[in-house]
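# Examination of the molecular architecture
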Amino acid sequence: MIRLHHVPASRSFRILWLLEELGLDCELVHHSIRDGSLRDPAYLAKSPAGRVPALEIDGEVIFESAAILQTLCERHPQAGLAPVPGAPERVRYLELMGFAETMASLIENLNMQHLFLRDPAQASPVVLKLITARLAATLGALEGMLGDHDYLLASGFSAADAMMGFNLFVAPYYVKLDPFPGLLAYRTRLEARPGFIAARARDGEQTFYTQDFYPVPEA
Ligand SMILES: N[C@@H](CCC(=O)N[C@@H](CS)C(=O)NCC(=O)O)C(=O)O
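Residues numbered from 1 in each chain as written. Predicted model: local features only at pLDDT ≥ 70, side-chain atom pairs only at ≥ 80, totals over all residues. Heavy atoms only, no water.

Close contacts around the ligand come from 13 residues, with R39, R51, E64, S65 and E101 the closest. A distance of 2.5 Å is found between an oxygen atom of the ligand and a side-chain nitrogen or oxygen belonging to R51. The separation between an oxygen atom of the ligand and a polar main-chain atom of V52 is 2.8 Å. Protein chains bury 85% of the 510 Å² of accessible surface belonging to the ligand in isolation. The residue makeup of the shell around the ligand, split by class, is four nonpolar, two polar and seven charged. (Near = heavy atom within 4 Å. Polar contact = N/O pair within 3.5 Å; in protein donor to acceptor, adjacent residues only side chain to side chain. Areas by Shrake-Rupley, 256 points an atom, 1.4 Å probe, with all protein chains shown as cover. Nonpolar A, V, L, I, M, F, W, Y, C, P; charged D, E, K, R; others polar.)

As a further point, take the nonpolar core. In this structure, L135, L139 and Y174 are the most contacted members of the largest nonpolar core, which totals 69 residues. With 10 residues, the single largest contributor to this core is helix α4 (residues 90-116). Three or more residues apiece are contributed to this core by two domains, here domain 1 (2-79) and domain 2 (90-193). If near-sequence neighbours (up to four positions away) are discounted, Y174 is found in contact with I107, L110, N111, H114, L115, T132, L135, Y209, F213 and Y214. (Core = buried A, V, L, I, M, F, W, Y, C linked by side-chain atoms within 4.5 Å. Buried < 20%, exposed > 50% of the residue type's maximum accessible area, 1.4 Å probe, protein only. Helix = DSSP H or I, 4+ residues; strand = E, 2+ residues; numbered from the N terminus. Domains from an automatic or database assignment. Contact = heavy atoms within 4.5 Å.)

Let's shift gears to the pairing of strand β4 (residues 60-63). In this sheet, β4 lies alongside strand β3 (residues 54-57) in antiparallel orientation, the contact comprising four bridges. Along β4, the bridge assignment pairs A54 with F63. Following β3, the chain reverses through two residues before pairing antiparallel with β4; D58 in that reversal takes a positive phi of roughly 50 degrees. (Pairing = 2+ DSSP bridges.)

Further remarks concern the environment of P77. Its place among the elements puts P77 in the loop between α3 (65-75) and α4. A relative accessible area of 58% means that P77 is categorised as exposed. Separated by 23 residues in sequence, P77 and A54 have C-alpha atoms that sit 21 Å apart.

Attention now goes to the environment of E101. Considering the arrangement of structural elements, one finds E101 in helix α4. Through-space distance from the C-alpha of E101 to that of M164 is 8.0 Å; in sequence the pair is 63 residues apart.

Let us now look at the pairing of strand β2 (residues 27-30). Taken together, the four bridges between strand β1 (residues 2-6) and β2 define a ladder with parallel strand orientation. Considered in β2, the bridge of H5 is made with V29. For the crossover that starts at β1, traverses helix α1 (residues 12-21) and ends in the parallel β2, the hand is right-handed. (Right-handed = clockwise from strand over helix to strand, strands pointing away.)

Moving on: helix α9 (residues 194-203). Those residues of α9 lying buried are G195, F196, A199 and D203. Projected down its long axis, α9 shows its buried positions confined to an angular sector of 95 degrees, all on one face. Along α9, the residues that are exposed and aim more than 90 degrees away from the buried face are P194 and A201. Residues of α9 that are buried make contact with β1, α1, β2, α7 (167-170) and α8 (181-191). Immediately beyond the C-terminal end of α9, within one or two residues, lies G204, with a positive phi of roughly 95 degrees. (Arc of directions from axis to C-beta.)

What follows covers the sheet that holds β4. Taken together, the four strands give an open sheet; going across it, the order is β2-β1-β3-β4, and neighbouring strands pair in mixed fashion. Each end of this open sheet is capped by a strand with a single partner; those strands are β2 and β4. Between one strand axis and the next, the sheet turns through 20 degrees on average, direction left out of account. Relative to β3, β1 runs antiparallel, the two being bridged by four bridges. Note that in β3 the partner of R3 across the bridge is E56. Relative to the sheet, α1 contacts β1, β2 and β3, its axis offset from that of β1 by approximately 150 degrees. Those strands touched by α3 are β3 and β4, and its axis lies near 130 degrees from that of β4. (Axes fitted to C-alpha atoms, helices over the stretch in contact; angles between N-to-C directions.)

The following block contains the structure:
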């Protein structure tokens, strides 16, 4: 039995997607970021910072999306979704897994200021401008890393695409992707994957974003 603690359109989508790519079913436990359920002691025992994803699998609970993806890849080596230690693409793969969280933490910071502050006047235009510029820089760097490959690793789709690909569906709320045609084509390629389509069908409706784009406010 695999049970995924999930919030629609959050980092737990990475896990839902990889499970679909691996052909594994899971039970979804839906949470909300706003209703306090992630701070319930019973949930904190599974995910100590009160975050999603957390994955319950064979009596074990795993938190942190990179650790969960890696564990799933190691349990299913026949799928070849993560280069093994010593493989030529291993270092690039590890870089991408970490870099995806560098990018996601910038998005999270923007979410916090644009969406979750009770009083929007508390958001700092200077900080918003700085973080948005940092997010744009990571997207530019990612486009360079992708080069002319179909996926982030030259050998093909991997867990790094699930880890990073998720970001490309939320970053555009803050940074338009038009200046990054390589990333736009990559995102279209990801969206066409049967595993992605199946995961989207189960994801649920996101409730955070009420606008298509959140510009940096004037300082
Ligand atoms: N590094 C963690 C970050 C997890 C994380 O922050 N998840 C967000 C959703 S994308 C969350 O649960 N936020 C709830 C909160 O901050 O209260 C991972 O990759 O799993």
